[in-house]
Every structure is written in structure tokens, then in C-alpha cells.
Amino acid sequence: MERMSYALLIRHLPQLPGQTPRCEGFYKNRVLFSKNELKAEPFYKVDKELQNDDYILHAGTLHGITKGSEFSLYEEESKDSNLLGSFTVNIVGDLQSIVKWPTLGDPPQYLPMPAFAIQTAFGQTKPLRLYLSDDPKLNYLRTRLEQEIKKYPHLYCMASREEARFEIIVHKDEYSASFAFVNSHIETLGLKRLPFWVSLKPDAEEIIMNIVDSASMFNRFLEYQPLDVDGHREEQKSGAQASGEPISVHFAKLIRTGKTWNPVAEESDISNLSSNNQVDLVSHADVVGLKITNKTNEGLYPYLFLFNCNELTIEPWYTSPAVKGEDKDPPLRPHESITIGYNAGPGRPWRHVVQPAEIVAEGKIIREKEDMEVEFFKLILTTQPVNFDFIKQTTPFTQHPRAVPDPTPVEMRKSVLYTVVTVRTEAMYDETH
């Protein structure tokens, strides 16, 4: 029971003729009869394509898979089951990859279909470009990073200040490290520095390395862009750019009426909180829901993730139901809408609170008072259900280690990004009076 969530239970059910069991809800990844969430340890299905005898791994670039990635193959979705062998991938799509068997090029003699693979090593990937200031207090950290880069060149590399995307400098108190996304849209939105200082004493070195690892994963998933129908990497659409696209997204401010949440105003262009790809909110006060309208002739599966740039967290706000078998009832039907967080729609309303100052991790981390937070909603749309349970990340600023997630082609239709800026009410007052 300790390794079985509600969603996983649905996927393990025997195939029932004419039935498609499904599990939907914010807590579908909790362990059965528990409040604990199942740690993400993604196993990917491997089966054989009948037309050309290729073996297909049902995972691709959206899952962090790149050419040369290595996998161990098991008989079942568990490391306690039979270990069948290992392989790499040499052709990688958004959601599927071609298996390359080692040495002789032949699969294991005993290979049940399907089998299940878990990633053991990264392949070719775009690393996070890091900049460290020249302050001697960072020399020990520079030496550690150089060692880590030799072992994990796929995660990060050193760069100049002009070319970097994430920097570490000595805080003005001269005893702490400070962090920031640089040369990026995050910086232009007003988040000049993450609101945390971390001690530069050697006993905090692992905390800093965990922050760098989290920044790498955060940047990778935030900047991922799907392939278009011709196999080219398309430009990620923003809310404003996506206005002429086959979907529309409406952010609504909500008010509680009895036990339900409803839009404050009628759903019109005036009531849409999103303007020029940005949603401006007031901390503690504003509660938000979302309406997605499908303008196409095919059903779509929406997956919505919230990226918090202040804390480096990735939180799934809504993911399509876990399904057993072929699903013929997608959540977002052709020319219909789905609401998230209000009315009869799935998910919960969303309200963000700008956090106060505090000291955490036994004094090794200081959180300064914030006047704003910058977050992104990333909406992924597919034409078949996909398990994205691994796309999540807790904040590294707590000293807790983070968790590291039918051969019919699955098309990735769109990836749309919306910006959310939440400000503290006192900050608004100071600026306007």
C-alpha cells in the first residue's frame, strides 16, 4: 500500500472490455488511505512497434529525455521486480523515443511486452549557464562546481555574466550567498534577486548545491518548447501571442458564494485578468480560477503547472485524469470549455500570499521580506493522456532534499506561458500615495 497511489491503482487495473476507468482530482497522487503523496519515480513503458520492429520508449524531451540517455529495464513498475537489462535512446521525440540496445544491438532474451524503464543517466542536454562573482569568498564553491560540472555537464556550465542565466554573488552582508536569474524575462518583470540569503560557511555548501540543481531543473522545464507538426522546435507562445490560436485562456477573479467559488464579474474580455501575457494580483486578496476553451475539432488533454521564480518550485495546478486503456472522453472536448478552480470544474482556486521574512534551516538560510513574487503558469496540451507526475519540485530553501520523474503517436499541440506577478498590498500603497 505504501507504494500505491490512487492514480497508480487505476493504471494497474486489468483491461476491462468497453470500460475506461479514470482517476481525477488534486490528490490523485496520494498514497492510498493516506495524506502522504507518492514520491515521483517515473517508470516509462517500453513496447515493440509492429511495423518496423523498433522498440519504443514512451517518453521524450518533455520528460527530460535526450539523445544518449540511459535506462534500466524492469519486468514491472518497480525496482523490486526482475531487472531485464539496460539501453540508451538515439532518436528522441517530444513523447516517444527509439530504444538502442547495447553492444550486439539485440534486446534481452526474455522481454515481456510491455516492460518498464527508469532513467539512470542523462544524455545530451542544454545546461544551465552559471555565473559566480570573483569574490574570494566563493572560491570554495567555484572549485566544487567545477568538479560537479565534470561529472554532470548536462546540468550546468560556467559562463560570463553577459551569457549566464543564473548567478551567485556575495550578499551585501559579506557572509551570505545571494541568487538571481539574469539576462532573462524573469529579471525584466522586476524580480532582481531571489529573496533568500544562504550562509557561506562550509556546512551550508550542500544547501547551495541543491539550489543550483533546482535552478537547473526549473529552467529546463520552464523553457521547454514542443515540436511542431514538421518536427521543428516551435517558439513558445505567450498568452498575448496565443490569442489567435485554437485555444483561449481566461483568468477570472473569484468570490466565494456559500460553498462554491464563482467569477466576480461576467466572463467577458473586461473580466479577464490576463493582459498582455501578465496577470497582476494583490497578495492575500485575489483568488483566481481559469477557463480554457478548445476551438479545435479534436479533444485535448490540458496539463497546467505553476512555476514560482522566488522559491524555485514547480507545482501541478491541474493535470488530466489518470486513465486505464484508450480514453475516448478527453477533459477538453472539441469546441467546449473547462473551468479550473470554480463552478463544477476540477482543481482548486488559486491564491498566492507573498511570504514574510524568516530564518530557516537552523539559521543557514534567511528569507527577506518580499514585496512581489513572479510566477508562470505553463499550459501543455496533448491529444492523448500523458503521465506528467514527475514535473514537480519543492523549494530548495528548506534544507530538505528535493525529489528527482499504445504505440499510437501522441501529438504535442501547444505550450502556452502566462506570467503572474503578485504584490504585497503595503508595496502598492507606498507606490501610489
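Residues numbered from 1 in each chain as written. Predicted model: local features only at pLDDT ≥ 70, side-chain atom pairs only at ≥ 80, totals over all residues. Heavy atoms only, no water.

Engineer: Mind showing me how you'd approach the overall build of the protein here?
Structural biologist: If you tally the helices and strands in the protein, you get five helices and 26 strands. Counting all 433 residues of the protein, 51% fall into the buried class. Summing over all exposed atoms, the protein offers an accessible surface of approximately 21,600 Å²; the carbon and sulfur share of this is 50%. (Helix = DSSP H or I, 4+ residues; strand = E, 2+ residues; numbered from the N terminus. Buried < 20%, exposed > 50% of the residue type's maximum accessible area, 1.4 Å probe, protein only. Areas by Shrake-Rupley, 256 points an atom, 1.4 Å probe, with all protein chains shown as cover.)

Engineer: Can you help me understand the pairing of strand β2 (residues 44-48) in this one?
Structural biologist: Across a regular strand the side chains alternate sides, sitting on one face of the sheet and then on the other. Pairing of β2 with strand β7 (residues 115-121), which is carried by three bridges, proceeds in the antiparallel orientation. The partner of Lys 45 across the bridge, within β7, is Phe 116. The pairing of β2 with strand β3 (residues 55-57) spans three bridges and is antiparallel. Within β3, the position partnered with Val 46 by the bridge is Leu 57. (Pairing = 2+ DSSP bridges.)

Engineer: Got a minute to help me understand the packing of helix α2 (residues 139-151) against helix α4 (residues 205-223) in this structure?
Structural biologist: Two elements in contact, α2 and α4, have axes whose closest approach is 11 Å; the angle formed by their N-to-C orientations is 50 degrees. One finds that α2 runs oblique with respect to α4. The element α2 and its partner α4 pack so that their crossing is right-handed. Of the residues in α4, those touching α2 at Tyr 140, Leu 141, Arg 144, Leu 145 and Glu 148 are Glu 205, Glu 206, Ile 208, Met 209 and Val 212. Looking at the contact of α2 with α4, its residues break down into six nonpolar, no polar and four charged. (Axes fitted to C-alpha atoms, helices over the stretch in contact; angles between N-to-C directions. Parallel < 35°, antiparallel > 145°, perpendicular 65-115°, else oblique. Left-handed = near helix turned anticlockwise from the far one by under 90°. Contact = heavy atoms within 4.5 Å. Nonpolar A, V, L, I, M, F, W, Y, C, P; charged D, E, K, R; others polar.)

Engineer: Please clarify how the packing of aromatic side chains should be interpreted in this entry.
Structural biologist: Describing an aromatic ring pair means giving the distance of the ring centres and the angle of the ring planes. Applying the stated rule across the entire model yields 15 aromatic pairs. Centroid distance Phe 181 to Phe 218: 5.8 Å. Interplanar angle 35 degrees. Geometry classified as tilted. Of this pair, Phe 181 sits in strand β11 (residues 176-181) while Phe 218 sits in helix α4, and the two are 37 residues apart along the sequence. An aromatic cluster is built from Phe 166, Phe 179, Phe 181, Phe 196, Phe 218, Phe 307 and Phe 397, whose rings are joined through pairwise contacts. (Phe/Tyr/Trp six-rings, centres within 6.5 Å; stacked < 30°, edge-to-face > 60°.)

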